[in-house]
Amino acid sequence: MTNISSSAVSAEQEGPLVPETPQAPGPKARPAWRSLNFGPRMWVSLGMILAIAVLAFIGPLLYPYAPDQKVGGLYDAPSPEHILGTDNFGYDVLAVLMASTRNSLINGLLAGTLATLIGVLIGVVAGYIGGWLEEALMGITNIVLAIPAIVILILISMSLQSTDIPFLKGIVGLALVIGITSWPWTARAVRAQASSVATREHIDVAKLSGARTGGILVFDVLPYLASYIVMAWVLQLASAILAESTLSMLGLGPSGTNSLGMQLHWALAFQAVAVGAYWAFLPPTIVLTLISFALLYLQSSLDEVFNPRLRRGKKKNLARAAARRAEAARKLAEQIEGRQEVTA
Amino acid sequence: MRDSTDSGVPVLAASHVTKQFRVAGGHLTAVDDVSVEFHAGKVLAVVGESGSGKSTLARMLLRLMPVTSGTITYQGKDVTHIRGGELRSYWRDVQAVFQDPFASFNQFFTIGHTLRRGMRAEKLEGDTLDALIETCLGYVGLKPGDAVHKYPHQLSGGQRQRVMIARALMMNPKVLLADEATSMLDASLRVSALNVMQDLRDNLGLTVLFITHDIGQACYFADEVVVMEHGLIVERGTTDEVIFTPKHDYTKRLLSDVPDLKGSLKVRKD
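Residues numbered from 1 in each chain as written. Chains lettered and ligands numbered in written order. Predicted model: local features only at pLDDT ≥ 70, side-chain atom pairs only at ≥ 80, totals over all residues.

Draft legend 1. Summary view of the overall build of chain B. Within chain B, the regular secondary structure consists of 11 helices and 10 strands. Relative to a compact globule of 270 residues, whose C-alpha radius of gyration would be 18 Å, chain B shows 19 Å and is just as compact. Expressed as lengths along the three principal axes of its C-alpha atoms, the size of chain B is roughly 55 × 45 × 45 Å. Residues classed as buried in chain B amount to 48% of the 270 residues present. Considering only contacts within chain B whose residues lie at least 6 apart along the sequence, 67% involve residues at least 24 apart. (Helix = DSSP H or I, 4+ residues; strand = E, 2+ residues; numbered from the N terminus. Rg over C-alpha atoms; globule rule 2.2 N^0.38 Å. Buried ≥ 20, exposed ≤ 12 C-beta atoms within 10 Å, placed from the backbone. Contact = placed C-beta atoms within 7 Å.)

As structure tokens, this is what we get:
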């Protein structure tokens, strides 16, 4: 075997292959977060999500009424004491709304994260390994895709309501059901991305450096998919919250638990629309819309963050730079003309 | 220093290797029944235009791509179907430098991380590892301070390619495959990269497979030249034979496409 260290010719002896040029001190380094180029859309969506999170998690700590506290009669109209009125059980609508939003967010986080994890795992392994394993995993994915998810969701939700395991009866059980039925799209999309990354030269270099398959997947494939996975996760959150609301509104949600869908379910069951009790169904509808809108807006703004070509303001910056160059050229031309006149 | 005496047994050899890709409506033969041998301490250049199958041949030799048929032997041992630990051991001995000096790096990690990665299996750490990095970077005219803490995008194309050569050297290989390793470098850096590889052959006795579409570069430092066209070897011989007495029309055309070859040939003859 060659002993590199014994036969080394140092750089000092041989001299560098390319002459070193002194480098001018660069501009002051920007903080790392500045390089992410968060646009206005990102700030708006983050602001909305923060406001909803405050309503869901901090609001109940400050609000005087509990969601299971009877404070009035059937559909009492909004008043200074109960600003969103009461629902069909006589509970304060705002207190119920805050508890429902919290549960819906928790459900979305659990289900969205589970679906993303399953989808990423299957997609990355199928895309990177390829061959018969890819065929098998994508075959399973296509089968799951072909089965109508809503039917599976309804059937499993109904069976969960009659289960003896308390853990599965609540919002967690529903989140698990939504998570394990909504991963296939993520898996397909991630597989396509992973199979593209798998053909890049840095993967070959990792193999030649002795990296094992697990290490390559974690260190050489996943970082290249991170932006895509984050965006898929945000979409999964929105989808999971909407799926839970749909099921709950149909009366298949977790019994005895507050959620935005369950609020709508009770409002429909107790004729809120017919009696004109808009405060019973409008607040959960608006919050649901805001959550979905904020998450979808966040997803599209993340696309701008990760894809420099979509960044807003780039055209404006280019136009400004062109204007500065034109101004500099005009001044230079004026100076030259001035000199020529002086010479003449 | 490596013993570069050629005992007659090839270090690496491909025997009747064929590679076919499935395409719509049939198969595309990228490499067709190619046999080639690499002897210790020699530089073999594989020359051909884009699509001639030279990179596919290199990837099969590297075991980064399975062969459709044929055999690859390393030091007389069949390595065509080895896997797992055996394959990783093979990759320690047979290293490569690829065409795109930016795509070869994982952009998320520093140069130091890329260099250290190959040494994990060796359990080299601390000062020993730092000294090895310094030595290997020194071979390619870089100092650790120039590169180790930087990310790939902070280096020039030439520096990145030299770091890639240093990475390959850290593995202490017996064979180095340079797949169009100079084609994305500008002219001055190209010569320095070629000189680095020539030094490695001269000082370390490294066997080099140099893949290029530029026959002029091949003539610059190769001992033997193989010319490929449409997946077939159309001509092979010592560099002098191929340059001065080309037999195949394709080789003659490649030679005539080199703008300043006549001057180089004159210098070489002298």
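Having put the structure on the table, let's press on.
Draft legend 2. Seen up close, the overall build of chain A. A count of helical and extended segments in chain A gives 14 helices and 0 strands. Its helices and strands taken in sequence order, chain A reads α-α-α-α-α-α-α-α-α-α-α-α-α-α from the N to the C terminus. In chain A, which comprises 344 residues, the share counted as buried stands at 36%.

Draft legend 3. Seen up close, the sheet that holds strand β4 (residues 69-74) of chain B. All names here are of chain B. Strand order across the open sheet formed by 4 strands is β2-β1-β4-β5, with antiparallel pairing between neighbours. Each edge of the open sheet carries a strand with a single partner, namely β2 (26-38) and β5 (77-78). The sheet contacts of helix α1 (residues 54-61) involve β1 (12-23), β2 and β4, and relative to β1 the element is tilted by about 115°. (Pairing = 2+ DSSP bridges. Axes fitted to C-alpha atoms, helices over the stretch in contact; angles between N-to-C directions.)

Draft legend 4. Structural view of the pairing of β2 of chain B. All names here are of chain B. Bridging between β1 and β2 involves 9 bridges; their strand directions are antiparallel. Across the sheet, Q20 pairs through a bridge with T29, a residue of β2. The turn joining β1 and β2, which pair antiparallel and follow one another in sequence, is formed by 2 residues; a positive phi near 85° is taken by G25.

Draft legend 5. Molecular detail of the nonpolar core. In terms of nonpolar packing, the biggest core is built from 152 residues, with A166, L177, A178 and L209 of chain B touching the most fellow members. The element best represented in this core is helix α3 (residues 93-129) of chain A, accounting for 18 residues. Filtering out sequence-adjacent residues up to four positions away, L177 of chain B remains in contact with A58, L61, L62, V94, A96 and L209 of chain B. (Core = buried A, V, L, I, M, F, W, Y, C linked by C-beta atoms within 7 Å.)

Draft legend 6. Representation of helix α7 (residues 187-204) of chain B within the structure. Residue and element names in this part refer to chain B. Look at α7: 26 Å from first C-alpha to last across 18 residues, which is about the 26 Å you get at 1.5 Å a residue. By the burial criterion, the buried members of α7 are L189, A193, V196, M197, L200, R201 and L204. Down the axis of α7, the sector holding all buried residues measures 135°, keeping them to one side. The exposed residues of α7 that point more than 90 degrees off its buried face are A187 and S188. Along its buried surface, α7 packs onto β3 (43-47), α6 (157-170), β7 (175-179) and β8 (207-212). At the C-terminal side of α7, G205 shows a positive phi close to 70°. (Expected span 1.5 Å × (residues − 1). Arc of directions from axis to C-beta.)

Draft legend 7. The arrangement of the confidence of the model for chain B in detail. All names here are of chain B. Residue-level pLDDT values for chain B average 85, and 93% of them are 70 or greater. Per-residue pLDDT, averaged within each element of chain B, yields its smallest value for helix α11 (residues 261-269) (59) and its largest for β4 (95). Per-residue pLDDT stays below 50 along residues 1-5; that stretch engages in 11 contacts with residues further than four places along the chain or on separate chains. Overall fold confidence for the complex sits at a pTM of 0.77, while the interface term, ipTM, reaches 0.87. (pLDDT = per-residue confidence, 0-100.)

Draft legend 8. View of the packing of helix α10 (residues 213-249) of chain A against helix α13 (residues 278-306) of chain A. Residues and elements named next belong to chain A. At a closest axis distance of 9 Å, the pairing of α10 and α13 adopts a crossing angle of 170°. With respect to α13, the axis of α10 lies roughly antiparallel. Mapping the contact onto sequence places S227, V230, M231, V234, L235, L237, A238, I241, L242 and S245 in α10 and L288, I291, S292, L295, L296, L298, Q299, L302, D303 and F306 in α13. The class makeup of the residues in the contact of α10 with α13 is 15 nonpolar, 4 polar and 1 charged. (Parallel < 35°, antiparallel > 145°, perpendicular 65-115°, else oblique. Nonpolar A, V, L, I, M, F, W, Y, C, P; charged D, E, K, R; others polar.)

Draft legend 9. Structural context of the packing of α3 of chain A against helix α7 (residues 171-181) of chain A. Residues and elements named next belong to chain A. Following both chains from N to C, one finds α3 and α7 inclined at 35°, their axes separated by 8 Å at the closest point. Note that α3 runs across α7; the crossing there is right-handed. For the pair α3 and α7, contact is made by N103, I106, N107, L110, A111, L114, A115 and I118 and by I171, V172, L174, A175, L176, I178, G179 and I180, respectively. Here the contact of α3 with α7 is built from residues that sort into 13 nonpolar, 3 polar and no charged. (Left-handed = near helix turned anticlockwise from the far one by under 90°.)

Draft legend 10. Up close: the environment of L97 of chain A. Residues and elements named next belong to chain A. Along the polypeptide, L97 turns up in helix α3. Exposure remark for L97: the 25 C-beta atoms within 10 Å place this residue in the buried category. For L97 and L260, which are 163 residues apart along the polypeptide, the C-alpha to C-alpha distance reads 7.0 Å.

Draft legend 11. Molecular detail of the pairing of β3 of chain B. All names here are of chain B. Most of β3 sits inside the fold, with 5 of its 5 residues counted as buried. The alternating pattern of β3 places V43, A45 and V47 and L44 and V46 on opposite faces, both of which are buried. In terms of strand pairing, β3 meets β8 through 5 bridges, oriented parallel. Paired with V43 across the bridge in β8 is V208. With 4 bridges connecting them, β3 and strand β9 (residues 224-229) associate as parallel partners. Paired with V46 across the two strands is V226, which belongs to β9.

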